[in-house]
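Architecture at a glance
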Amino acid sequence: MIVCKSPAEIERMRAANMLVADVLAELAAMVAPGVSTLDLDQEAERLVRARGAEPAFKGYRGYPATLCASVNEQVVHGIPSTRGLVAGDIVSLDMGVKLNDFYGDSAITVPVGTVSEDVLRLLRITQEALEHGIAQARVGARVSDIGHAIQQHVEANGFSVVREFVGHGIGASLHEEPQIANYGAPGHGPRLAAGMVLAIEPMVNVGRPGVKVLSDGWTAVTRDGSLSAHFEHTVAVTHEGPLVLTQRTPASAPAR
Ligand code: MF3
Ligand code: CO
């Protein structure tokens, strides 16, 4: 069953989702050579709790941290570590929180120092693929239209889409129905209706699509060792079109 949220509930979901967006922006600004993913995780947890929210991932199926921080060939669910980031790395930062009974979830991939043009292109195409997916989050479209649009854009640009991890509905639970694959034929799956809230999250590899999970039980890496990027937004389906709840707007950006 897909839970539809009322307009008032979607308004209440904004708080959790804006918090995620704000914290990810703060973390992105911290990313630099020498900073560790554990430093980022500790700052993430501090910022989340300071705003009266709870980390959603910490303790989820035994996951040990607030943040998933996946470096280079790590695809998702990288566990924060004391190893310092190095110029030329990329790091995917994925975080969920619970606030006012609702969850928010978003991810970004950030370059560390200067990275090559090819790497910037991977980040750009992944972000664009997410935007193409979001554009399909319209009343009357079908769930698989989202993944189809994502796969289309990724493969047209010579990259590949990870199959093993999917996006998801989100609301009073972190993971709700439906599952949202990042690939496939259009026109399948449930029809989208106003009030559905979806976490859309393509993971894109430079090389082959295959992934494996390391012996820590969490960290997913590309089988071929190629780089991987991940962007995620939480999006409400509304009669006015897709409403990106994890988008920072200038008005809501924290003052610096
Ligand atoms: N981005 C992943 C998701 O949305 C994060 C999984 S949560 C974890 O499902 F706690 F398992 F890491
Ligand atoms: Co998610």
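Heads up: the structure comes first, above all this text.
Definitions and cut-offs
- Residues numbered from 1 in each chain as written.
- Chains lettered and ligands numbered in written order.
- Predicted model: local features only at pLDDT ≥ 70, side-chain atom pairs only at ≥ 80, totals over all residues.
- Heavy atoms only, no water.
- Helix = DSSP H or I, 4+ residues; strand = E, 2+ residues; numbered from the N terminus.
- Contact = heavy atoms within 4.5 Å.
- Near = heavy atom within 4 Å.
- Polar contact = N/O pair within 3.5 Å; in protein donor to acceptor, adjacent residues only side chain to side chain.
- Areas by Shrake-Rupley, 256 points an atom, 1.4 Å probe, with all protein chains shown as cover.
- Nonpolar A, V, L, I, M, F, W, Y, C, P; charged D, E, K, R; others polar.
- Donors = N, O, S within 2.8 Å, 3.2 Å for Na, K, Ca; no water.
- Buried < 20%, exposed > 50% of the residue type's maximum accessible area, 1.4 Å probe, protein only.
- Pairing = 2+ DSSP bridges.
- Salt bridge = Lys/Arg side-chain N within 4 Å of Asp/Glu carboxyl O.

Concerning the environment of Lys98
- In this structure, Lys98 sits in strand β4 (residues 90-99).
- With sequence-adjacent residues up to four places away left out, Lys98 is seen in contact with Ala53, Glu54, Ala56 and Tyr103.

Observations concerning the site of ligand 1
- Within the structure, ligand 1 sits among Phe57, Tyr60, Tyr63, Cys68, His77, Asp94, Asp105, His168, His175, Glu201, Trp218 and Glu232.
- Asp94 is positioned with one of its side-chain polar atoms (N or O) 2.3 Å from a nitrogen atom of ligand 1.
- Here an oxygen atom of ligand 1 and a side-chain polar atom of Glu201 are 3.0 Å apart.
- Here ligand 1, which alone exposes 330 Å², has 94% of that area covered by the protein.
- The residue inventory of the shell around ligand 1, partitioned by class, reads five nonpolar, three polar and four charged.

Some remarks on the coordination of the cobalt ion (ligand 2)
- Bound to the cobalt ion (ligand 2) on the protein side are Asp105 (OD), His168 (NE2), Glu201 (OE) and Glu232 (OE), at distances that span 2.0 to 2.3 Å.
- Along the chain, the residues donating to the cobalt ion (ligand 2) fall in the pattern D-x62-H-x32-E-x30-E. Taken as a pair, Asp105 in strand β5 (residues 102-111) and Glu201 in the loop between β9 (197-200) and β10 (203-205) lie far apart in primary sequence, 96 residues in all.

Concerning the pairing of β4
- Of all 10 residues in β4, nine are buried, a share of seventy percent or more.
- With five bridges joining them, strand β2 (residues 67-71) and β4 adopt antiparallel strand pairing. Looking at β4, one finds that Cys68 is bridged to Asp94.
- As paired elements, β4 and β5 share 10 bridges and run antiparallel to each other. The residue bridging Asp94 from the neighbouring strand is Ala107, located in β5.
- Between the antiparallel neighbours β4 and β5 lie two residues, among them Asn100 with a positive phi of about 50 degrees.

Focus on the pattern of salt bridges
- Here the structure, examined in full by the defined rule, presents 11 salt bridges.
- Residue Lys5 pairs with Glu176 through a salt bridge whose shortest N-O separation is 2.8 Å. Placement of Lys5 in the segment before α1 (7-30) and of Glu176 in strand β8 (residues 176-180) is noted, with a sequence separation of 171 residues between them.
- Asp89 is the partner of Arg83 in a salt bridge, and the nearest nitrogen-oxygen pair spans 3.7 Å.
- Among the residues examined, Arg83 registers a relative accessible area of 44% and is labelled partly exposed.
- We classify Asp89 as buried; its relative accessible area is 8%.

Considerations on the pairing of strand β14 (residues 233-238)
- The buried fraction of β14 is high, at six of six residues.
- Inspection of the sheet shows β9 paired to β14 by four bridges, in the antiparallel sense. Along β14, the bridge assignment pairs Ile200 with His233.
- Alignment of β14 against strand β15 (residues 241-244), held across four bridges, turns out to be antiparallel. Among the inter-strand pairings, Ala236 is bridged to a residue of β15, identified as Leu243.
- From the end of β14 to the start of β15, which pair antiparallel, there are two residues.

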